[in-house]
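# Reading the structure
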Amino acid sequence: MNRTKEAIVNAFWELLEEKPYNKITVKDIVDRCQINRNTFYYHFHDIPELLESIIKKDADSVVQNYAGFNSLPECLSTIIEHSLKRKKAVLHIYRSVQREVFLDQLERMATYVVTEYIHTLTKEIQVPEDDLRLLIRFYKCILVGVILDWLDHGMDYNLEKDFVRLSELFQGEGKQIFLKSTTFLP
């Protein structure tokens, strides 16, 4: 990414930490970057395109930098850790009219981490493809639902701690579910 585009993205993140998405203008961004409006429009058509670009880039970063999850809390921890770095900005985006962009990328990240987790869990067993797809979707829905509840409550409780405890309560259940539809590999 070139320096000017990076400056625009950084300025936008900073502004999102300070105020709601719908209160940010192109003028705010260009003033913060000390560039002219035409430079902004050279890189982005408008603020919604900028938002979509940064959310997609962040989701790509999570997908590229994390692999091989050994537990559901580890999957969730990855997303929580990433979200807490920019807590106010994440909440401003989540509460904005552009929420769909955020939700699409959250679902994409959750699908990725759950798929990685399930592949780790099923290394030694053969699970029918239909069951794999069904279980990935099920665990993805749990993960997304838990994160949405956390966001709806302003990220004001320790989601990671709660999820670890839930995982302890359900320990072994995931493996049992997979074993019900599998045959062991020779």
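Preceding this section is the structure that the text describes.
Because the structure is a prediction, the values reported are computed rather than measured. (Residues numbered from 1 in each chain as written. Predicted model: local features only at pLDDT ≥ 70, side-chain atom pairs only at ≥ 80, totals over all residues. Heavy atoms only, no water.)

This part covers unusual backbone geometry. Here the phi dihedral of Q34 falls at roughly 60°; this positive angle occurs in a residue that is not glycine. Within the secondary structure layout, Q34 lies in the loop between α2 (26-33) and α3 (37-43). You can call Q34 exposed: its relative accessible area is 74%. Non-glycine residue M155 carries a positive phi angle of around 55°. In this fold, M155 is placed in the loop between α8 (129-152) and α9 (159-169). (Helix = DSSP H or I, 4+ residues; strand = E, 2+ residues; numbered from the N terminus. Buried < 20%, exposed > 50% of the residue type's maximum accessible area, 1.4 Å probe, protein only.)

The geometry of an aromatic ring pair is captured by two quantities: the separation of the ring centres and the angle between the planes. By the definition in use, this model includes five aromatic pairs. Ring plane angle 90° and centroid distance 5.2 Å describe the contact between F40 and Y41, whose orientation is recorded as edge-to-face. For F40, a relative accessible area of 0% translates into the label buried. Judged by centre distance (6.0 Å) and plane angle (40°), the rings of F40 and F44 are tilted. Taking NZ or CZ as reference, R86 lies 4.0 Å from the ring centre of W13, over its face. (Phe/Tyr/Trp six-rings, centres within 6.5 Å; stacked < 30°, edge-to-face > 60°. Lys NZ or Arg CZ within 6 Å of the ring centre and 35° of its normal.)

Attention now moves to the pattern of salt bridges. Taken as a whole and judged by the stated rule, the model has eight salt bridges. The shortest N-O distance in the salt bridge between R32 and E14 comes to 3.1 Å. In this pair, R32 is assigned in helix α2 and E14 in helix α1 (residues 3-18), connecting sequence segments 18 residues apart. For D28, the salt bridge goes to K19, with nearest N and O atoms at 2.9 Å. A single salt-bridge network, built from bridges that share partners, covers E14, E18 and R32. (Salt bridge = Lys/Arg side-chain N within 4 Å of Asp/Glu carboxyl O.)

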